[in-house]
Amino acid sequence: MSAPEPPRRPRNRATAAIVTASAVVVAACAVTGFLVLRDDGGNGSDKADPKPAASASASPGSTDRTATGGDGPLVAGWNTVVNAQRGITFDVPASWARKSASWVSYVAKDDDPEEKPLVAMMGPAVLKEKWCTSDDDKSGTEEDTPLASTGTTGEKGSKSTAEAAKDTATNWVYGAYTQPDRTRLTVGEPESYRTKTGVEGSLVTVASSGTPAKGKCDGDGKAVTFAFKNAKGAFVSWTYVGAHGVPDEVPDTTIRKILSTVRLFKKGDGQD
């Protein structure tokens, strides 16, 4: 008779509010301000540079705004999310809850006692923050799992937008949904993408399938990452990550509509 599986430490549940780059992060587990100092958990690697294989773009002629954004959201009734530190602005539907610009969400390896982030995003917008609530490890503390989140990341160490998009999307789905199993991942080829405002970069979609549900909120996930260079020439990215294969999964049309609004930050942009 095999021994029972030990309780898993939570993943995809870790969030923190950064006060300053040198301050201690206030979180469920003690993590220091290296989240900001390390470019939101930027994940450059020494892997070969994947080449874009396909091309996609936002609907042409839908706006005449420049790549430096504009005053207010590009979509009527939506709200603007700003990461001035990374130089990125985008819009989300009004039903998404916007966190502060200093808020960081991240995932870490299950067996890492230091909770070093595999990947992270700053100032995210979250849909249905209490989509699923569980206490799988029977610790007496319930944890909320959102349906989906979208935010921005610094990609320090990346060699190209294609590499950054692929690594970040993969790390989100692996870290939040499938670890320690990478065989459940389907990693799409990088494709060229251009937003409404003319920001150009690489887009990668990663999804999992058939992931065993070991806890109430476990299941499959999906991530869409668009990596590009900001106004300072630094690699950055926008990412959507959320539950996959569930009845209320965020449709691709909505994800693409949010993505199409990604633009470079300019002074004067800001959250309401």
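Residues numbered from 1 in each chain as written. Predicted model: local features only at pLDDT ≥ 70, side-chain atom pairs only at ≥ 80, totals over all residues. Heavy atoms only, no water.

**A few points about the pairing of strand E14 (residues 191–194)**
Thinking step 1. Burial along E14 is one-sided: the residues Glu191 and Tyr193 are buried and none of Ser192 and Arg194 is.
Thinking step 2. Here four bridges tie E14 to strand E15 (residues 200–208), and the two strands are oriented antiparallel to one another. Counterpart to Arg194 in the pairing with E15 is Glu200.
Thinking step 3. The antiparallel hairpin formed by E14 and E15 contains five residues in its connecting segment, where Gly198 sits at a positive phi of about 95 degrees. (Buried < 20%, exposed > 50% of the residue type's maximum accessible area, 1.4 Å probe, protein only. Helix = DSSP H or I, 4+ residues; strand = E, 2+ residues; numbered from the N terminus. Pairing = 2+ DSSP bridges.)

**Some details on the packing of aromatic side chains**
Thinking step 1. In the structure shown here, the tally under the stated rule is three aromatic pairs.
Thinking step 2. Ring geometry for Tyr193 versus Phe226: centroids 5.3 Å apart, planes at 70 degrees, classification edge-to-face. Remark: Phe226 occurs in strand E16 (residues 220–229) and Tyr193 occurs in strand E14; sequence separation between them is 33 residues. Both residues of the pair, Tyr193 and Phe226, belong to the buried class.
Thinking step 3. Consider the rings of Phe226 and Phe228, whose centres lie 5.0 Å apart with planes at 25 degrees: the pair is stacked. The residues Phe226 and Phe228 share a single accessibility class, namely buried.
Thinking step 4. In textbook terms, an aromatic cluster arises when at least three aromatic residues are bridged by ring pairs, as seen for Tyr193, Phe226 and Phe228.
Thinking step 5. Here the basic side chain of Lys99 rests over the ring of Trp103, its NZ or CZ set 5.0 Å away from the ring centre.
Thinking step 6. The cationic tip of Arg182 hangs over the ring face of Tyr174; the distance from NZ or CZ to the ring centre is 3.8 Å. (Phe/Tyr/Trp six-rings, centres within 6.5 Å; stacked < 30°, edge-to-face > 60°. Lys NZ or Arg CZ within 6 Å of the ring centre and 35° of its normal.)

**Let's talk about the pairing of strand E17 (residues 235–244)**
Thinking step 1. Taken across its ten residues, E17 has nine buried, putting it largely inside the fold.
Thinking step 2. Across seven bridges, the pairing between strand E12 (residues 148–154) and E17 is antiparallel. In the strand pairing of E17, Gly151 is matched with Thr239.
Thinking step 3. Note: E16 against E17, ten bridges, orientation antiparallel. Following the sheet pairing, Asp220 is matched in E17 by His244.
Thinking step 4. Taking the residues between adjacent antiparallel strands as the criterion, E16 and E17 are bridged by five residues, where Gly233 takes a positive phi near 85 degrees.

**Brief notes about unusual backbone geometry**
Thinking step 1. In this chain, Gln179 is followed by Pro180 through a cis amide linkage whose omega measures 10 degrees.
Thinking step 2. Tracing the backbone shows Pro180 in the loop between helix H2 (161–178) and strand E13 (185–187).
Thinking step 3. Here the phi dihedral of Glu115 falls at roughly 55 degrees; this positive angle occurs in a residue that is not glycine.
Thinking step 4. With respect to the helices, strands and loops of the structure, Glu115 is situated in the loop between strand E8 (103–108) and strand E9 (117–127).
Thinking step 5. For Glu115, a relative accessible area of 9% puts it in the buried group.
Thinking step 6. Positive phi, close to 55 degrees, is recorded for Lys128, a residue that is not glycine.
Thinking step 7. Tracing the sequence through the fold places Lys128 in the loop between E9 and strand E10 (132–134).

**Here's the deal with the sheet that holds strand E5 (residues 79–83)**
Thinking step 1. Strand order in the open sheet formed by three strands is E5-E6-E18, and the pairing between neighbours is antiparallel. Either end of the sheet is taken by a strand with one partner, and the two such strands are E5 and strand E18 (263–264).
Thinking step 2. Where strand E6 (residues 88–92) and E18 come together, two bridges link them in antiparallel fashion. Looking across to E18, one finds that Ile88 is bridged to Leu264.

**Remarks on the state of the cysteines**
Thinking step 1. Evaluation of the coordinates by the stated rule reveals one disulfide.
Thinking step 2. One disulfide bridge connects Cys132 with Cys217, the sulfur atoms lying 2.0 Å from each other. Between Cys132 and Cys217, the S-S dihedral sits near -90 degrees, and the bridge is therefore left-handed. Of this pair, Cys132 sits in strand E10 while Cys217 sits in the loop between E15 and E16, and the two are 85 residues apart along the sequence. (Disulfide = S-S within 2.5 Å.)

**Considering the environment of Asp91**
Thinking step 1. By secondary structure assignment, the location of Asp91 is in strand E6.
Thinking step 2. On a C-alpha basis, the gap between Asp91 and Ala125 in space is 9.3 Å, while along the polypeptide they are 34 residues apart.
Thinking step 3. Apart from residues lying up to four places away in sequence, Asp91 is in contact with Pro73, Leu74, Val75, Trp78, Asn79, Thr80, Ile258, Thr261 and Arg263.
Thinking step 4. Separated by 3.0 Å, the side chains of Asp91 and Thr80 make a polar contact. (Contact = heavy atoms within 4.5 Å. Polar contact = N/O pair within 3.5 Å; in protein donor to acceptor, adjacent residues only side chain to side chain.)

**Thoughts on the nonpolar core**
In globular proteins that are soluble, nonpolar side chains generally tend to be buried together.
Thinking step 1. Membership of the largest hydrophobic core comes to 27 residues, with the highest contact counts inside it found for Trp96, Phe226, Phe228, Trp238, Tyr240, Val250 and Val262.
Thinking step 2. A per-element tally of this core places E17 first, with four residues.
Thinking step 3. Other than its neighbours up to four places away in sequence, Phe228 contacts Ile88, Thr161, Val199, Glu200, Gly201, Ala234, Phe235, Val236, Ser237, Trp238, Val262 and Leu264. (Core = buried A, V, L, I, M, F, W, Y, C linked by side-chain atoms within 4.5 Å.)

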